[in-house]
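Commentary on secondary and tertiary structure
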Amino acid sequence: IMLTIYDEEEKPYTVMKRIHHRDTNLAKVDAVNRVSRNVAKGGQSLEATHRALQEIEKTPPLGLGPLLLASSLACGAFTLLFVGEVTDCLCGLCTGAALRLVLYGISKLDLGFFFVNLTGGAVSALASWLFFKVGLASDWNILTIATLMLLVPGLLFTNAFRDIVAGDLVSGISRAFETFAIAVALACGAAISYAVILVLQGVV
């Protein structure tokens, strides 16, 4: 992040900070927007703004429970969106929760976004195949795609396109490349699981 502030004498002060970990927390985004609007209206002092931002920074993230619930419901909804059956939706509730649980565990290891998404793609394909193999899911492909949708970088792609259109080529191209890297990681992870499944089916 590069930030430049000008004082009353138009003297610039520039600060550059590297962000090592990023996440999407729309509740914090909304809270910061409210603070920003108050500052723009001139009804909030610098000290009050600083205190408000510190309070927002201290806001704890969502726990594992809400994340599991949201992932389950989203994955189940995607199976229905992709014209899956009710049994696929029920399996999607389980695969979505399983994927989120695995990602929550490996996120503590700080292994980088590529490995995390590679693992996510592999878990999505393997879990979907297991439900199909035991006869609980009717369509392996629908369940796999629905589970992978939890990791598709839609917001990141939208921001990349917005930045490029606005002329912010550095941030736009970097976001676009990150989007491409995540897509490659998901595809490679699913391909690894497919390769393992083919080997197992050949052995069995």
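Higher on the page you've got the structure.
1. Quick word on the layout of surface pockets
Looking at the second largest pocket, its volume works out to about 350 Å³. If you go around the second largest pocket, the residues you meet are Ile1, Leu3, Thr4, Ile5, Tyr13, Val15, Lys17 and Ile19. Ranked by the residues each element gives to the lining of the second largest pocket, the list is headed by strand β1 (residues 2-6), at three residues. Across the lining of the second largest pocket, the residue classes break down as six nonpolar, one polar and one charged.

2. Quick look at unusual backbone geometry
Residues other than glycine predominantly adopt negative phi, and peptide bonds predominantly adopt the trans conformation. The backbone phi angle of glutamate 10 is positive, close to 60°, even though this residue is not glycine. Note on placement: glutamate 10 falls in the loop between β1 and β2 (12-16). By relative accessible area, which is 57% here, glutamate 10 ends up exposed. Phi is positive for valine 83, close to 60°, though the residue is something other than glycine. Mapped onto the fold, valine 83 is located in the loop between α3 (64-81) and α4 (86-106).

3. Looking at the environment of phenylalanine 177
Within the secondary structure, phenylalanine 177 sits in helix α8 (residues 169-203). Expressed as a C-alpha distance, the spacing of phenylalanine 177 and phenylalanine 157, which sit 20 residues apart in the sequence, is 9.4 Å.

4. Considerations on the nonpolar core
Generally speaking, a soluble globular protein has its nonpolar side chains buried in company with each other. Of all hydrophobic cores here, the largest spans nine residues; its members are Leu99, Leu103, Ile106, Val123, Leu148, Leu151, Leu156, Ile182 and Leu186. If you list the elements that add at least two residues to this core, you get α4 and α8. Sorting elements by how many residues they give to this core places α4 first, with three residues. Ignoring any residue separated from it by four or fewer positions in sequence, one finds leucine 148 in contact with Gly121, Ser124 and Leu186.

5. Some details on the pattern of salt bridges
Using the criterion set out here, one finds three salt bridges in the structure. A salt bridge links arginine 162 to aspartate 163; the shortest N-O distance between them is 3.2 Å. A residue is classified by how much of its surface remains accessible, and arginine 162, at 47% relative accessible area, is partly exposed. What makes aspartate 163 buried here is its relative accessible area of 7%.

6. Observations regarding the pairing of β1
Sparse coverage of β1 is indicated by the burial of zero of its five residues. With five bridges joining them, β1 and β2 adopt antiparallel strand pairing. Within β2, the position partnered with leucine 3 by the bridge is valine 15. Between β1 and the antiparallel strand that follows it, β2, lie five residues; glutamate 10 among them carries a positive phi value of about 60°.

7. What to know about helix α7 (residues 154-166)
In this model, α7 (13 residues) spans 18 Å end to end at C-alpha, consistent with the 18 Å of a helix rising 1.5 Å per residue. When we look at burial in α7, the residues that qualify are Leu156, Asn159, Ala160 and Asp163. Along the axis of α7, the buried residues cluster in a sector spanning 105°; they form a single face. Across α7 from its buried face, at more than 90 degrees, point the exposed residues Phe157, Phe161 and Val165. Once α7 finishes, glycine 167 follows within two positions and takes phi at roughly 95°, a positive value.

Reading the values: the criteria
- Going along each chain's sequence as written, the residues are numbered from 1 onward.
- The model is predicted, so local features are restricted to residues of pLDDT at least 70 and side-chain atom pairs to those at 80 or more, both for listing and for counting; the totals for chains, interfaces and linings are taken over all residues.
- Side-chain calculation: all heavy atoms of the structure are included, whereas hydrogens and water are not.
- In this analysis a 1.4 Å probe is tested at points of a 1 Å grid over the protein atoms alone, and where it fits but cannot get out there is a cavity; an open set with protein on both sides within 12 Å along at least five of seven lines is a pocket; lining residues have an atom within 4 Å of a point.
- Grid points are joined across faces, edges and corners, and a volume is the space filled by probe spheres set on the points.
- Helix numbers and strand numbers start at the N terminus; a helix is a DSSP run of H or I with at least 4 residues, a strand a run of E with at least 2.
- Under the grouping applied here, Gly and all other residues not named as nonpolar or charged are polar, the nonpolar ones being Ala, Val, Leu, Ile, Met, Phe, Trp, Tyr, Cys and Pro and the charged ones Asp, Glu, Lys and Arg.
- Accessibility here uses a 1.4 Å probe with only protein chains present; expressed as a share of the type maximum, an area under 20% marks a residue as buried, one over 50% as exposed, and anything in between as partly exposed.
- Within this scheme, the nonpolar core is defined by two criteria: the residues are buried Ala, Val, Leu, Ile, Met, Phe, Trp, Tyr or Cys, and they are joined through side-chain atoms within 4.5 Å.
- By the convention used here, residues are in contact when the closest approach between their heavy atoms is within 4.5 Å.
- Note on definitions: salt bridges are taken to be side-chain nitrogens of Lys or Arg within 4 Å of carboxyl oxygens of Asp or Glu.
- Any two strands with at least two DSSP bridges between them are considered paired.
- Take the number of residues in a helix, subtract one, and multiply by 1.5 Å to get its expected span.
- Along the arc lie the directions from the helix axis toward the C-beta atoms.

In short, the description is geometric, and any link to function would need to be established separately.
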